[in-house]
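So you can see what is in the structure, the chains are spelled out below.
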Amino acid sequence: MKADYNLTKTNFWIIATNSTASYVLAFLFVFYVNHFIKIILAGSYGYDLGFEWVSIYFYIEPYEWTHDAVKLIYSSGPVLIFVIGLISLVAFWSLVEEPARLKTFFMWLTLHSFNFFFGGLLIGNIFKKGVGHVFNWMYMTDTSKMIVALIGFLGLLGTALIMSKPAAISANSYFKNLNEKNFPFFITAQIIVPFIIGTLLYLGFFLPEILFQEAYSWISLAMILIFIVGRVSRMDTQYFDEDERFINVSSVIVIITIVVLVGFRILLRNEIFISW
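Residues numbered from 1 in each chain as written. Predicted model: local features only at pLDDT ≥ 70, side-chain atom pairs only at ≥ 80, totals over all residues. Heavy atoms only, no water.

Q: Would you mind going over the overall build of the chain in detail, with residue names and values included?
A: Looking only at helices and strands, the chain features eight helices and five strands. Mapped in sequence order, the helices and strands of the chain form the string α-β-β-α-α-α-α-β-α-α-β-α-β. Here the chain has a C-alpha radius of gyration of 20 Å; the compact-globule value for 276 residues is 19 Å, and the two agree. Once the C-alpha set of the chain is aligned to its principal axes, its extents read approximately 65 × 45 × 30 Å. Counting every position in the chain, which comprises 276 residues, the buried fraction comes to 53%. For the chain, the proportion of contacts with a sequence separation of at least 24, taken over those separated by at least 6, is 80%. Carbon together with sulfur atoms contributes 69% to the accessible area of the chain, which is approximately 13,300 Å² in total. Here the chain contributes 17 positively and 18 negatively charged side chains, and the mean placements of these two sets differ by 6 Å. (Helix = DSSP H or I, 4+ residues; strand = E, 2+ residues; numbered from the N terminus. Rg over C-alpha atoms; globule rule 2.2 N^0.38 Å. Buried < 20%, exposed > 50% of the residue type's maximum accessible area, 1.4 Å probe, protein only. Contact = heavy atoms within 4.5 Å. Areas by Shrake-Rupley, 256 points an atom, 1.4 Å probe, with all protein chains shown as cover. Lys, Arg positive; Asp, Glu negative; His and termini not counted. Charge placed at Lys NZ, Arg CZ, Asp CG, Glu CD.)

Q: Go over the packing of helix α5 (residues 142–169) against helix α7 (residues 212–233) with me, naming the residues and quoting the values.
A: Contact geometry of α5 with α7 gives a least axis separation of 8 Å together with a crossing angle of 50°. By the angle between their directions, the pair α5 and α7 is classed as oblique. By crossing handedness, the relation of α5 to α7 is classed as right-handed. Of α7, the residues touching α5 (which contributes L156, L157, T159, A160, L161, M163, S164, A167 and A168) are S220, I224, F227, I228, R231 and V232. Across the contact of α5 with α7, the residue classes tally to eleven nonpolar, three polar and one charged. (Axes fitted to C-alpha atoms, helices over the stretch in contact; angles between N-to-C directions. Parallel < 35°, antiparallel > 145°, perpendicular 65-115°, else oblique. Left-handed = near helix turned anticlockwise from the far one by under 90°. Nonpolar A, V, L, I, M, F, W, Y, C, P; charged D, E, K, R; others polar.)

Q: Quick rundown of the side chain of S22? Include the residues and the values.
A: Position of S22 among the secondary structure elements: in helix α1 (residues 9–44). For S22, a relative accessible area of 2% corresponds to the buried category. Each residue touching S22, except ones within four places of it in the same chain, is listed here: T104, F105, W108 and I253.

Q: Give me the lowdown on the environment of I266, citing residues and values where you can.
A: Position of I266 relative to the elements: it lies in helix α8 (residues 251–267). I266 sits in the partly exposed class, given a relative accessible area of 45%. The spacing of I266 and L150 is 116 residues in sequence and 40 Å in space, taken between C-alpha atoms.

Q: Residues and numbers for the environment of G198, please.
A: Within the secondary structure, G198 sits in helix α6 (residues 183–206). Taking relative accessible area as the criterion, G198 reaches 0% and is therefore assigned buried. Considering only alpha carbons, one finds G198 and F31, 167 residues apart in sequence, at a separation of 14 Å. Ignoring anything within four residues of it in the chain, the contact list for G198 reads T20, Y23, V24 and V193.

Q: An account of α1 is requested, with residue identities and associated values reported.
A: Along its 36 residues, α1 runs 53 Å from first to last C-alpha, staying within 8% of the 52 Å computed at 1.5 Å per residue. Most of α1 is tucked away, with 27 of its 36 residues classed as buried. G46 sits one or two residues past α1 and shows a positive phi near 70°. (Expected span 1.5 Å × (residues − 1).)

Q: Give me the lowdown on the sheet that holds strand β5 (residues 272–274), citing residues and values where you can.
A: As summarised here, the arrangement of the three strands in space is β2-β1-β5, forming an open sheet in which the pairing is antiparallel. Strands at the two margins of the open sheet, each flanked by one partner only, are β2 (56–58) and β5. In this sheet, adjacent strand axes meet at a mean angle of 20° when their direction is disregarded. Pairing of strand β1 (residues 49–51) with β2 involves three bridges; the strand directions are antiparallel. Bridging across to β2, F51 finds its partner in I56. (Pairing = 2+ DSSP bridges.)

Q: I'd like a rundown of the nonpolar core, residues and numbers included.
A: By size, the foremost hydrophobic cluster in this structure holds 87 residues, and its most contacted members are L28, F58, W65, I73, L111, F206 and I228. The element contributing the most residues to this core is α1, with 18 residues. Contact partners of I228, with chain neighbours within four places excluded, come to L111, A160, M163, S164 and A167. (Core = buried A, V, L, I, M, F, W, Y, C linked by side-chain atoms within 4.5 Å.)

Q: Give me the lowdown on the packing of α1 against helix α2 (residues 67–94), citing residues and values where you can.
A: Helix-helix packing: each pair is described by the crossing angle between the helix axes and the interaxial distance. Axis separation between α1 and α2 bottoms out at 9 Å; the angle between their running directions is 145°. Where α1 crosses over α2, the two elements pack in a sense that is right-handed. Residues F29, V30, V33, N34, I37, K38, L41 and A42 of α1 form the contact with α2, whose own contacting residues are L72, I73, Y74, S76, G77, P78, L80, I81 and I84. Of the residues contributing to the contact of α1 with α2, the split by class is 13 nonpolar, three polar and one charged.

Q: Any chance you could break down α6 for me, citing the residues and the numbers?
A: The α-helix advances 3.6 residues per turn, and as a result positions three or four apart in sequence lie on the same side. Across its 24 residues, α6 extends 33 Å between first and last C-alpha, which sits within 8% of the 34 Å expected from 1.5 Å per residue. A maximum bend of about 40° is found in α6 at A189. (Bend = angle between axes of the 7 residues up to and from the residue.)

Right under this line is the structure:
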């Protein structure tokens with residue numbers, strides 16, 4: 001079957017399934033990198049804690065917190081995730097000419113990573129959550145906090161700018177070109193539907209307790225995606241190579257996503273206590 005002429009309902013949901021799986025897996029990867037980095041760094045300070053699939057509970061007295069501990073524990077995760085986002089972007093471009101569906105995962109991983117980092121600077125700073133704890137303990141002035149928030153906003157805008165082209169190029173996993181005929185079909189299946197369904201899936205995964213940043217990060221990501229869709233819609237037709245394309249389910253990424261979703265929810269359903 002020639003993908004260019006297969007704008008069918010079945011193929012739409014195949015593309016949406018593949019992208020949704022990548023969206024959810026990338027989000028959980030970012031979340032748990034930050035989650036476990038906090039746990040490991042808390043151990044370097046000898047802080048007793050408990051954790052489950054969504055939260056970390058520190059069993060220490062308030063006076064045991066130090067400026068260095070707060071800065072390291074709450075800032076290391078976001079910084080590492082930003083680096084992961086950069087590596088993921090490089091990985092995407094290394095596969096840019098290949099029809100590999102792995103590009104979709106790297107696209108979402110880059111978007112989630114940059115949204116987590118820059119969104120944290122903006123939202124966390126304003127509401128003193130997440131990395132906002134660091135700025136609180138640094139006794140930053142209101143002016144300094146506004147500058148940090150502005151950096152976060154510009155970072156989100158920059159993310160939308162640099163990720164527009166990758167979003168368009170990811171179409172070469174299914175099509176020989178991206179034009180005005182297949183654009184609405186592809187962008188809805190690859191971006192819009194995965195964002196909606198994927199967000200509902202990970203929010204449902206975290207119930208009954210949804211952390212602050214996870215509860216609101218979808219808003220900044222939605223703004224990024226709206227900008228991306230608008231930019232891609234104004235691009236000229238994107239031509240890829242003439243190799244045959246086939247639309248089928250990426251079973252590996254779908255299975256891994258299901259295993260991670262179910263596995264973490266079951267394995268971490270009860271609090272695990274660590275006494276350092």
